[in-house]
Every structure is written in structure tokens, then in C-alpha cells.
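Residues per chain, in single letters:
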Amino acid sequence: MSQTKNRVINFSAGPAKLPMEVLETAQDELIHYRDHGVSVMELSHRSTQFSTIMQEAKKDLRDLLNIPENYDILFLQGGGTGQFSAVPMNLCATTDSVADYLITGSWSLKATKEGEKYCRVNKVLPSLDAYNGIPDQSTWNLNPNAKYVYFCANETIHGVEFNFIPETGDIPLITDMSSNILTRPVDVSKYGIIFAGAQKNIGIAGATVVIIRDDLVGHAMPFCPSILDYKLNLQNNSVYNTPSTFSIYIMNLVFKWIKKQGGAEAMGERSQVKSKLVYDVIDSSDFYYSSIFPKDRSRVNIPFRIGGSKGNEYLEKKFLDEAHKRGMVSLKGHRSVGGIRASLFNAITVDEVEHLSNFMKEFRDKHRQ
């Protein structure tokens, strides 16, 4: 039976809302997984039952993103943050190797700082006073000898998203898609590695998807921990250690749900509709303020201020309080930037965003001077 009566609309940046259909299936199978007499959480990671779950998840993801045959899929632990270390330790032969990093927000900055522990980092972009957009590629300082070029496809904190694929020639392009994977179609063949933590668009916290081109496997530094070694994990089918079995199970359900919704194409169309509902309200007056250049605005994380560019503390608190009374939660901006943030991941429906949009209009009309 559906449990929707007392549920709120969760605009969290992660762990994020899950589709109700996924929650209900997980609820039904929680104690007795199909006819196996145990909970799905009790399945051995080396059992035939769990192996089937993982193979289904890989096949569905390959179908959803049209992943070419020369790419492998790994389900690892450590989140996107773990990959900040894994990427340089797997792709750089020595600590003297050079890697290009594009810093466009807090997450790419953290990745850069981690990369500096293992290789020589070249900061591609000019120094930015604020993370409010992506400088034109004519200003980039790419190193022709770089082992890879790294960027974060969508900065959840600042609301900056790459709406284009950087041109890097033959140098492998590495991207963190934790917050926008499967929110639109992706040409995987343009990338060397795509990785994504599951807890925003494709599941719950615990598992990290790594999509990697075959030729980038097998070059790990001697001191790379086994848990982060791509080759070792591929040789062991992502079960070198006990993986996040329940998280992978939920991903499997989410991938099937996305397929039923029409795939990445349908998710992309909905994403545009949802983000437009919010940005149209922001742009309709000077009551709400977004500092992000329109061409670089994120479709899935929309931070904004109320009452001016610096925000009005009283109005922003009142906005959050009144939103909560209307059944909308997790709209507070990240602690490092403040303000308001609406995260519109795949499980958030158009109707739920319309509810937010209508509330924003009413709040504006009531409180603007």
C-alpha cells in the first residue's frame, strides 16, 4: 500500500529523493527477497542472487547511456571523493606526471587539492573571484602533455553546470557527474572516465559508479591502494571486497524506473521543464537573485538569494519556514554560501516543482516592498 500521505517534497542535494515506486519495491522485498527467504540486505555479495542484481544494473546503465563496448563499469565505494584520489593514482605513472584541472566550484577545488598529492596539477582556468560561470575556452591554459583533463560536470553548491563537452583532443577527459548523471543523454565516447556517487540521481549513498575506457585500466601507481585500483576491481567484478550491496540493489531499481520513464532523453526533457519553472520566477523580478551566468546555470541545483545579491536573512529564514509548512524541505543553501537551494534531481516531479514555483511567486508578492 502506498505510503505517500505524510511524505514531504524533499529538495535535498543528497542523499536525495527516491522514486516512490522504488521505495515501495524495496519495502516489499526488504524482509523476503523474492523467494530466497532472506532480506536483500542479507544476500552474500558472491551469491548467484546478488550477482544477478549487479549484472542487471550494469546492463541497464549500459543501455541508458549507450555505453560503448570498450568501456567497463565498476561499482565502488568511497563516493565521488574517493575518486578524487583514485583518478590520479590510476592514470599518472609517477608523481612527476602532469594533469589538467578545471576549477569551477567547491567540488572541483577539492578534487584539485587531492590531485596535488599524487601529481603535478596544472590549473587550467584563470583565477576566479567567484564561482558564477565557466570562462570561455579561449582563456584556458591546457597542457599538451597532461595525462588527463579533469572537470566537475555540475557543481552542486554553486549551481554551475557544463552545458558543453570540453575539447581536449587525444587527452582523456575525466568528469565527476555525481549530480547530473542520467539527467540527460551523454556521449560516453567523449570521455575517458565518468564517475558518480549514487545518492543524487541514481540511488542511495554507498555506491559509486565508475565508467572507464579500457585503455585507461592497468596503469596504477605502485602505492595505489587495492580498494582504488581499477584493474584489480575489474578483475574481481567489483567484489574484490564486500561492496555496498543494498545501494547497488537500489541503483538497479532506479535504472529500471528511469527506463520505464523513457530513459535519459525523457529525464533531460523533464529537467529542462523543471529548471525553467524556477528560473522564470527568479528572472521575473529583482526579489530573487541568481549570481550564475545564464549560459552556465545548473538544471539540477539552483541556488538563489532573496532580497538582493547578499540575501536578506529575515526573508530567507521566513521563506524556509513557510516552505516547510507547505510540505517542502531541504531548501536551505549550502553552509558555505548560504541562501536557498532547490535541487531538482530525477525523482523530483514537474508537479512538485510547480508547487515550489507557485509558492515562490506568492512569497514574492507578499513580501516584496
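Provided above is the structure to which this section pertains.
Residues numbered from 1 in each chain as written. Predicted model: local features only at pLDDT ≥ 70, side-chain atom pairs only at ≥ 80, totals over all residues. Heavy atoms only, no water.

For strand 2 (residues 71–76), a buried count of five out of six residues is recorded, marking the element as mostly surrounded by other parts of the structure. Pairing geometry for strand 2 and strand 10 (residues 208–213), over six bridges, is antiparallel. Residue pairing in the sheet places Leu76 in a bridge with Thr208 of strand 10. (Buried < 20%, exposed > 50% of the residue type's maximum accessible area, 1.4 Å probe, protein only. Helix = DSSP H or I, 4+ residues; strand = E, 2+ residues; numbered from the N terminus. Pairing = 2+ DSSP bridges.)

This next bit is on the sheet that holds strand 2. Taken in spatial order, the seven strands of this open sheet run 2-10-9-8-5-3-4, and their pairing is mixed. Each end of this open sheet is capped by a strand with a single partner; those strands are strand 2 and strand 4 (120–123). Within the sheet, the average angular offset between the axes of one strand and its neighbour, ignoring direction, is 20°. In terms of strand pairing, strand 3 (residues 98–101) meets strand 5 (residues 149–152) through two bridges, oriented parallel. Residue pairing across strands places Asp100 opposite Val149, the latter belonging to strand 5. Across the sheet, helix 3 (residues 79–91) lies against strand 2, strand 3, strand 5, strand 8 (173–176), strand 9 (193–197) and strand 10, angled at about 155° from strand 9, the strand it touches most. (Axes fitted to C-alpha atoms, helices over the stretch in contact; angles between N-to-C directions. Contact = heavy atoms within 4.5 Å.)

All right, on to helix 2 (residues 48–65) then. Here helix 2 is 18 residues long and its end C-alpha atoms lie 26 Å apart, about the 26 Å a rise of 1.5 Å per residue gives. For helix 2, the full list of buried residues reads Phe50, Ile53, Met54, Ala57, Lys58, Asp60, Leu61, Leu64 and Leu65. When helix 2 is viewed along its axis, its buried side chains cluster within an angular range of 165° and face the same direction. Seen from the buried face of helix 2, the exposed residues on the opposite side, beyond 90 degrees, are Thr48 and Lys59. Contact partners of the buried residues in helix 2: strand 2, strand 10, helix 6 (245–261) and helix 7 (263–283). Just beyond helix 2, the residue with positive phi is Asn66, at close to 50°. (Expected span 1.5 Å × (residues − 1). Arc of directions from axis to C-beta.)

Nothing here speaks to function; it is all geometry.
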